Amino acid sequence: MNISKIHNCYGCGVCATICPHHIISIELNKEGFYEPYIKEKERCTDCGLCLSVCSYSDDKVADTHDDADYYAAWSNDSEVRRKCSSGGLGFEIGRHLIEQGYKACGVRYNSTTNRAEHYVAETVEEYLSSMGSKYIQSYTLPGFEKLNRKDNFLVTGTPCQIDSLRRYIRKLRIEDHFVLMDFFCHGVPSMFLWNQYLREVEKQIGKASCISWRNKQTGWHDSWNMCLGEISENGEERFRYMSRWSKGDLFYHFFLGNYCLGKACYEKCKYKMASSAADIRIGDLWGTVYEKDQEGVSAVLALTEKGKALVRELHNSCHFEQRSGDIVMEGQMRVPPARPYIRKVIIRQLANRMTLANISVVTLRLYYMSFLPKRALKKLVKIVKWAK
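Residues numbered from 1 in each chain as written. Predicted model: local features only at pLDDT ≥ 70, side-chain atom pairs only at ≥ 80, totals over all residues. Heavy atoms only, no water.

Asks: With reference to specific residues and values, describe the overall build of the protein.
Replies: The number of helices and strands found in the protein is 15 helices and 14 strands. Relative to a compact globule of 388 residues, whose C-alpha radius of gyration would be 21 Å, the protein shows 21 Å and is just as compact. The dimensions of the protein, computed from C-alpha atoms along their principal axes, are 65 × 55 × 45 Å. Within the protein, buried positions represent 55% of all 388 residues. Sequence-distant contacts in the protein: of pairs separated by 6 or more residues, those separated by 24 or more amount to 70%. Each charge class in the protein was averaged separately, 55 positive and 45 negative side chains, and the resulting centres sit 11 Å apart. (Helix = DSSP H or I, 4+ residues; strand = E, 2+ residues; numbered from the N terminus. Rg over C-alpha atoms; globule rule 2.2 N^0.38 Å. Buried < 20%, exposed > 50% of the residue type's maximum accessible area, 1.4 Å probe, protein only. Contact = heavy atoms within 4.5 Å. Lys, Arg positive; Asp, Glu negative; His and termini not counted. Charge placed at Lys NZ, Arg CZ, Asp CG, Glu CD.)

Rendered as structure tokens:
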């Protein structure tokens, strides 16, 4: 009765958070995704707590919502709207709750460890680090281990992280102390992709201490930019490298092409559209209604009474337009992506630190090879040894 047989899961880390003996660690597996490991098996008492909060081991979402309210929204603060990836609702929710005495558990990029990490902010100034999307898997333990029974918390995470956390706070009977927020999730790429991308960019510019995955200086609809640089002495971001998906950025090529996502993102994701265990879900409101807007519009799903109350409380700081679910979720992934047959090859090449440009060539060749008869394909793969 423990998570020792759970592999290629969501990597949410909630099993390690609840373990009474603190013997579960969250580490990268051989494909570059976070996974739980029991460090001292002899100390495990098979209490089953780790499995009881594991959303991966359950085919259903912890909560279902049939009466959600749907909104298009954005912050009335033009600077917040400019810096955030969509309309700034995620930051405004955090700011509002911190001012109400909550602590906010969000995600920031750690340039020392080169990864996204959950952390707990107690002030609005500390929460600024959570601004903007981070399109890599977050390491949750630095934040989740600070959650407790006495304080009030806002926790933001991917839908699978929040589903496990819902089970956790329900198990401990502390749901009243929490507001949970998730977002429309594309999936998470292997950390091997991010590490290789970072190595190649830092060869050109040196160590990157600040990173923006989305930047609106080219407009919200073309904001899939990768910007890397440094923080100046007065706290300003100085980007020395910029690359756009629309201009062929290789990180986005692999990420948005679904070439190296976690196995669970293909096979076990049950969180598309309005399927969520959160109180409120946010994201980009893509689609035809706001296609001329270049400042950013947030899609907002108020799923529970807590979520609906938050929307009412934010009317002074944010603009809301109630819309149908079809409009708010237009442009979002309706079903999980199919796993590409060349994924295993790409993961292996990333682990071996092949350059992204060379892997792209392999990807293209293997794609065209897929149109060959199976017998000819097997011969060709054996001859050129691309899959080894």
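Additional details are given in the paragraphs that follow.
Asks: Account for the nonpolar core, naming residues and giving values.
Replies: Membership of the largest hydrophobic core comes to 55 residues, with the highest contact counts inside it found for W194, W213, L228 and F251. Broken down by element, this core gets its largest block of residues, eight residues, from helix 8 (residues 191–205). (Core = buried A, V, L, I, M, F, W, Y, C linked by side-chain atoms within 4.5 Å.)

Asks: Break down helix 4 (residues 89–99) for me, citing the residues and quoting the values.
Replies: Since the α-helix advances by 3.6 residues per turn, residues separated by three or four positions end up pointing in the same direction. For helix 4, the buried fraction is high: nine of the 11 residues fall into the buried class. Downstream of helix 4 by a residue or two, G101 has a phi angle that is positive, lying close to 100°.

Asks: Outline the packing of aromatic side chains, listing residues and values.
Replies: Throughout the structure, instances matching the rule amount to 23 aromatic pairs. Ring plane angle 75° and centroid distance 6.0 Å describe the contact between W224 and W245, whose orientation is recorded as edge-to-face. Linking W224 in the loop between strand 9 (210–212) and strand 10 (225–231) with W245 in the loop between strand 11 (237–244) and helix 9 (250–256), this pair joins segments that are 21 residues apart in sequence. Residue classification places W224 among the buried positions, given a relative accessible area of 15%. (Phe/Tyr/Trp six-rings, centres within 6.5 Å; stacked < 30°, edge-to-face > 60°.)

Asks: Could you give me a rundown of helix 13 (residues 343–351), with the residues and numbers involved?
Replies: Three or more residues of helix 13 are buried, namely R343, V345, I346, I347, Q349 and L350. A positive phi of about 65° marks R353, the residue just after helix 13.

Asks: Give me the lowdown on the side chain of H96, citing residues and values where you can.
Replies: By the element assignment, H96 lies in helix 4. Classification of H96 by relative accessible area gives buried; the value is 13%. If we skip the residues at most four places from it in the chain, H96 touches L310, E313 and L314.

Asks: Before we move on, can you summarise the environment of N195 with the specific residues and values?
Replies: Locating N195 in the fold gives a position in helix 8. On the basis of relative accessible area, N195 is assigned to the partly exposed category, the value being 23%. Taking C-alpha positions, N195 is 24 Å from F144, a pair spaced 51 residues apart along the chain.

Asks: Quick rundown of unusual backbone geometry? Include the residues and the values.
Replies: Even without being glycine, H22 reaches a positive phi, approximately 55°. Locating H22 in the fold gives a position in the loop between helix 1 (14–18) and strand 1 (24–28). The exposed category is assigned to H22, whose relative accessible area is 57%.

Note that every value here comes from positions in space, so none of it alone points to a role or purpose.
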